[in-house]
Amino acid sequence: MRANLLLCSAFWLCASFFLHAQQLDAPANFSVPPATREAIRNLIGETMLNGKSYDYARELADGIGPRLTGSANYVRAVTWAQEQFRALGMDVHTENWTIAATWEPDIPAVGHIVTPVDHTLHIYAAGWSPSTRQGGVNGKVIYIPSLDLPALDAQRAELAGAIALVDDATLAKSPTTDKLFSGLEHLRSLSVVAILLPGGPNGTEELDCYSYTGAIDLVPEAEVGEEDVLLMRRLLQHGPVTVEFTLKNRIHKDVQISNVVAEIRGTELYQEVVLVGAHLDSWQPGTGAQDNGTGVASLLETARAIQALHRPPKRTIRFVLFGGEEEGMLGSTAYARQHRADIDKIDAVLITDSGSEPAKGWYVMGRESEREPLAAISPLLAGIGADGVSLDTQYIFESDHIGFEILGVPSLVLWTGMDKYMSLHHKASDTFDSIIPKDLAQGTSVIAVAAYALADSSHSFAPHLSPEEVDSMFRQSGHFDEYEYLKKVGALP
Ligand SMILES: [Zn+2]
C-alpha cells in the first residue's frame, strides 16, 4: 500500500508540476524570457523525476557519517564532494582557511553526582570543550541564575573552584548571542573548575558550541540531560551538591580546513556569479543528515540538474561547501574575507541550511530590497509551492549567508517548515531515516530554479549595500547587538 500510495502521489505531484510547467507562460510583468522558462521547465522535471538528491544524502549520512569540522569524516566528505563534482564534468578545487582548533570526543563522557546522593549523570562533552585533567574534575555545584555580568560578579567568591550549573532558565535570560556568549566568557574567567550546560529531555544531548572563534574553551564544559539538571536544582534547595566528571577529547590546534568550490561557467555574463552555498560540517550525535546533509545533497543535485540541461546560464553559478559553520560560520566568513576583492562580482548568494521539510520560499533576512526582484521569479516557484518570501530575521546570524550580508551582498536562505528540523537539530535523531525523498526533491527544485533564474536573468538581482546601509539593515532587523558582538570578537569577514 505505502509504496503504491507513494507512487500515485508522486505521479500527481509531477503531473501538477508539468501542468504548472505548461503554464509557465508569461504573466504581464513577468520578465523571464521563454528560453529560460523552457530550461526551468526541464530543470523542475529533472530534479523532481530524475533527481539524485536522496542518493547524495544517503551517501553522506550513512556512507560517511557525522562530519565535525576537520575530523577524518570531514576530510572524507571533502574528497567525496570533489569526486561528485568531477563526475559531473565540473572543475572543482578547495580553498583553505585555518581553524584555531579541531575537536572530537575521544571517549564518551562519564560523570555522577557524588553527594548528597550517588547518581549517574547523562553527560556529554560540550562542543569545543577541553578535556578534564587526569582523573576528572570534581567540585561543589553552584547554580547560575543569570549570565548578566554584574550578577556573575556577585557570585565570584562562591564560584572560585566550583562547578557552575547553567540551565535553560539561565539561557532564556540571555536571548541574544552577545549576551549569551559574553556571559559565558565572563563565567569562564571566574576560576570555576568546570561548567555544566543544559542538554535535552530524556537524558539526551543537543550539542552546540558557545563561541564564534573555533578556539577551545577555557574550562571543561559538559551538557547534562534535562532531568539530571532538574534533579541537581532540587537537591541544591536542600543543601550542597558535589559532582565529578571526566571528558577526554581529541584536539588539534591551528588546522587547515577546506571549503570545496566548483563552478558552472556562465556565458555572456560569466564574470558575474550566483553563489549556492551549504555547510558540509555537522555535529556528531547523529549523522548530520538534515543539518546539513540535505543542504549538501540539494547543492550537488542542483549542479547535476543544471549540467544536464546543457544550457549554461548567462552568469557563472559557483557552488561552495563550507566547513566550520557549527563553530560560528567560520568557513563562509573566511571565504567572504578571502574574496573581498571580487565580492562585487557576486550577484546573489543562496544558502540552504534548514533541513528537508517542504520549502515555502526564501528568507530575505531583512533585505527588503530583495522582495521585488524575487517577485520576478516567484511565478516559476509558485507551482512547486515555494513562492513565499519571509522577512523574518530570527535566523539572520544563524547560517552561512551572514559573512556575505555583512559585506552588503544580496543573500537568500531557503525557507522551509522547520518543525521536524528543530526536533532533530544537533541531536542523535538527525539521521537519514528522517528524510522524506519527495520533500527533499521539492526543496532541491526550489534552489535549482532560483539559482538558474537569477543566473540567466538579463539584469542583476538586487543592489549591493554600502557599509552604512548594512549597519542600518542590522539596526532595523533588531539584531544590531549581535552584529556588534561579531565586530567585538573579530568574527567579521
Ligand atoms: Zn546547519
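Definitions and limits used
- Residues numbered from 1 in each chain as written.
- Predicted model: local features only at pLDDT ≥ 70, side-chain atom pairs only at ≥ 80, totals over all residues.
- Heavy atoms only, no water.
- Donors = N, O, S within 2.8 Å, 3.2 Å for Na, K, Ca; no water.
- Helix = DSSP H or I, 4+ residues; strand = E, 2+ residues; numbered from the N terminus.
- Buried < 20%, exposed > 50% of the residue type's maximum accessible area, 1.4 Å probe, protein only.
- Core = buried A, V, L, I, M, F, W, Y, C linked by side-chain atoms within 4.5 Å.
- Domains from an automatic or database assignment.
- Contact = heavy atoms within 4.5 Å.
- Expected span 1.5 Å × (residues − 1).
- Lys, Arg positive; Asp, Glu negative; His and termini not counted.
- Salt bridge = Lys/Arg side-chain N within 4 Å of Asp/Glu carboxyl O.
- Polar contact = N/O pair within 3.5 Å; in protein donor to acceptor, adjacent residues only side chain to side chain.

## Examining the coordination of the zinc ion
The protein atoms that coordinate the zinc ion are H279 (NE2), D291 (OD) and D353 (OD), at distances spanning 1.9 to 2.2 Å. Sequence spacing of the donors to the zinc ion: H-x11-D-x61-D. With a gap of 62 residues between them, D291 in helix α10 (residues 289-309) and D353 in the loop between β11 (346-351) and β12 (359-363) connect regions that are remote in the sequence. Comparing D291 with D353 shows no difference in burial state: the two are buried.

## Describing the nonpolar core
Counting residues in hydrophobic clusters, the biggest one holds 104 residues, and the most contacted among them are F85, L196, V243, F245 and W362. Tallying contributions element by element places helix α15 (residues 437-455) first for this core, with 12 residues. When residues of this core are sorted by domain, at least three fall in each of domain 1 (24-100 + 254-488) and domain 2 (105-249). Once you skip the residues sitting within four places of it in the chain, V243 turns out to touch H112, I113, V114, L121, V137, N138, G139, V141, I163, L196 and M232. Core analysis: the next-biggest nonpolar cluster, separate from the first, contains 55 residues, L190, V219, I351 and F404 among them.

## Topic: helix α4 (residues 72-87)
Along its 16 residues, α4 runs 23 Å from first to last C-alpha, staying within 8% of the 22 Å computed at 1.5 Å per residue. Of the positions making up α4, those classed as buried are N73, Y74, A77, V78, W80, A81, Q82, Q84 and F85. Close packing links the buried residues of α4 with α3 (53-64), β1 (91-115), β8 (242-264), α10 and β10 (315-322). Immediately beyond the C-terminal end of α4, within one or two residues, lies G89, with a positive phi of roughly 75°.

## A word on the side chain of D228
With respect to the element layout, D228 can be found in helix α9 (residues 226-236). At 8.0 Å, R234 is the nearest oppositely charged side chain to D228, a buried residue that forms no salt bridge. In terms of polar contacts, D228 uses its side chain to reach the side chain of H119, at 2.9 Å. Among the polar contacts made by the side chain of D228, one reaches the main-chain amide nitrogen of H122 at a distance of 2.7 Å. Those residues in contact with D228 that sit more than four places away from it in its chain are H119, T120, L121 and H122.

## Focus on unusual backbone geometry
Only a minority of non-glycine residues have a phi that is not negative, and only a minority of peptide bonds are not trans. Cis geometry is adopted by the peptide bond preceding P116, which originates at T115 and carries an omega value of 5°. Across the junction of D291 and N292, the peptide omega takes the value 15°, indicating a cis bond. Its place among the elements puts N292 in helix α10. Positive phi is not limited to glycine here, since N202 has a value of about 60°. With respect to the secondary-structure elements, N202 resides in the loop between β6 (194-198) and β7 (221-224). Although it is not a glycine, M365 adopts a positive phi angle of roughly 50°.

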